[in-house]
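Next come the chains, spelled out residue by residue.
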Amino acid sequence: MKSLLPLWLAITLFAVSLHAKIPENKTIIAKMIKGYGGEKNLRQLNDYEQIWHIETKTTDSNGTDKRAVHLPFFLKTELIYPNKTETRTLINDYGTKQFGEEKMEVRGAMLDAMKLQLIRLFHPLVLKEKMKSLSLSEVPEYYVLTLHADHLSADYFVSKKSYLIEKVVGHLQMGEQNMEFVTLYEEYKPINGVMLPHTETKYAGNVNTAVMRLKEMKFIPSVQSQH
């Protein structure tokens, strides 16, 4: 009988581990809000402007990214390179691209890619408002919050130590092909009491496309949502 006791204990512990529950979405998000600096400070991330230096990994030309954000519905990105300038603007479901004086409306996969660029910027307060569209899983170092937005989705990898988002993976379906856009967030430092990454490393699929470094950050007055 004694020889069976260790086996029984092992089986019992394994069964308990199978039924162990990871924290609920709201618990994770509450800890994220605290980790980012608290609700009052975090609200500043609803409306801001940034300037990033772009170190391109696919060409020899580095550039500048001027970004204006009004969450959760507006993103304007001006990409400036030595030989070209491109401006992308997304307002809810309407997107445009402008090259020099030529401006065009974007649709389909190009519009979806712009939506993912905005979704990846969602902070914990925005995710809290979208709680019903979130699912939760975990891997050894991260809780993974997955936001489902129509036919798009994004995985937010939340550090179990700091409760900061260290990676976002956006999923875009292009025909029968599933594209992944990955952004790694590093060098978190406080600005006006809210934690912000100062380095972004970007991938399209397995290709490292750019490393971006924050140069300027300015919080701006809120604007009325155009929902």
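Residues numbered from 1 in each chain as written. Predicted model: local features only at pLDDT ≥ 70, side-chain atom pairs only at ≥ 80, totals over all residues. Heavy atoms only, no water.

**Side note on the environment of Tyr142**
Within the element layout of this structure, Tyr142 appears in strand β8 (residues 142–149). Separated by 24 residues in the primary sequence, Tyr142 and Glu166 place their C-alpha atoms 8.9 Å from one another. Here Glu166 takes part through its side chain, which lies 2.8 Å from a polar atom of the side chain of Tyr142. (Helix = DSSP H or I, 4+ residues; strand = E, 2+ residues; numbered from the N terminus. Polar contact = N/O pair within 3.5 Å; in protein donor to acceptor, adjacent residues only side chain to side chain.)

**Some remarks on a nonpolar patch on the surface**
Judged by side-chain polarity, Phe99, Met104 and Met110 come together as a nonpolar surface patch covering roughly 250 Å² of accessible area. Checked against the element boundaries, Phe99 lands in strand β5 (residues 94–99). When its relative accessible area of 37% is taken as the criterion, Phe99 is described as partly exposed. (Patch = residues over 30% accessible without salt bridge, like charges linked within 9 Å, V, L, I, M, F, W, Y side chains within 5 Å. Areas by Shrake-Rupley, 256 points an atom, 1.4 Å probe, with all protein chains shown as cover. Salt bridge = Lys/Arg side-chain N within 4 Å of Asp/Glu carboxyl O. Buried < 20%, exposed > 50% of the residue type's maximum accessible area, 1.4 Å probe, protein only.)

**Description of the pairing of strand β12 (residues 194–204)**
By the criterion of burial, β12 is predominantly enclosed, with nine of the 11 residues buried. As judged from the 10 bridges shared by strand β11 (residues 177–191) and β12, these two strands associate in the antiparallel manner. Each bridged residue has a counterpart across the sheet, and for Ile191 the counterpart in β12 is Val194. Hairpin remark: β11 followed by β12, antiparallel, with two residues in the connecting loop; positive phi at Asn192, about 50 degrees. Inspection of the sheet shows β12 paired to strand β13 (residues 207–219) by six bridges, in the antiparallel sense. Note that in β13 the partner of Ala204 across the bridge is Val207. From the end of β12 to the start of β13, which pair antiparallel, there are two residues, and Gly205 there has a positive phi angle of about 65 degrees. (Pairing = 2+ DSSP bridges.)

**Comments concerning the environment of Leu136**
By the secondary structure assignment, Leu136 is in strand β7 (residues 134–139). Judged by relative accessible area, which is 22%, Leu136 ranks as partly exposed. In this structure, the C-alpha to C-alpha distance between Leu136 and Leu147, residues 11 residues apart in sequence, is 9.1 Å.

**Some details on the packing of aromatic side chains**
Taken as a whole, this structure holds three aromatic pairs when the rule is applied. With a centroid separation of 6.1 Å and an interplanar angle of 80 degrees, the aromatic rings of Tyr36 and Tyr188 are classed as edge-to-face. Linking Tyr36 in helix α2 (residues 25–36) with Tyr188 in strand β11, this pair joins segments that are 152 residues apart in sequence. In this structure Tyr36 comes out as buried when scored by relative accessible area, which is 4%. Each ring, one from Tyr142 and one from Phe157, has its centre 5.9 Å from the other, and the planes form 85 degrees; the classification is edge-to-face. (Phe/Tyr/Trp six-rings, centres within 6.5 Å; stacked < 30°, edge-to-face > 60°.)

**Observations regarding the side chain of Asp112**
Looking at the element boundaries, Asp112 is found in helix α4 (residues 108–119). Reaching out from Asp112, the side chain makes a polar contact with the side chain of His151 at a distance of 2.9 Å.

**Considerations on α4**
For α4, built from 12 residues, the straight-helix expectation of 16 Å at 1.5 Å per residue is met to within 8% by its first-to-last C-alpha distance of 17 Å. The complete set of buried residues in α4 reads Leu111, Asp112, Met114, Lys115, Leu116, Leu118 and Ile119. (Expected span 1.5 Å × (residues − 1).)

**Describing the pattern of salt bridges**
Enumeration according to the criterion identifies 14 salt bridges in this entry. Across the salt bridge formed by Arg107 and Glu105, the nearest N and O atoms sit 3.2 Å from each other. We classify Arg107 as exposed; its relative accessible area is 60%. Taking the shortest distance from any N to any O, the salt bridge between Glu200 and Arg120 comes out at 3.2 Å. One end of the pair, Glu200, is in strand β12; the other, Arg120, is in the loop between α4 and α5 (124–129), with 80 residues separating them in the sequence. In this structure, Glu200 and Arg120 share a single accessibility class: buried.

**A look at α2**
Along an α-helix, residues three or four apart share an orientation, since each turn contains 3.6 residues. Look at α2: 16 Å from first C-alpha to last across 12 residues, which is about the 16 Å you get at 1.5 Å a residue. Taken together, the buried positions of α2 are occupied by Asn25, Ile28, Ile29, Met32, Ile33 and Tyr36. All buried residues of α2 fall inside an arc of 140 degrees around its axis, so they share one side. Positioned one or two residues after α2, Gly37 has a phi angle of 125 degrees, which is positive. (Arc of directions from axis to C-beta.)

Treat this as a map of the structure, not an account of what it does.
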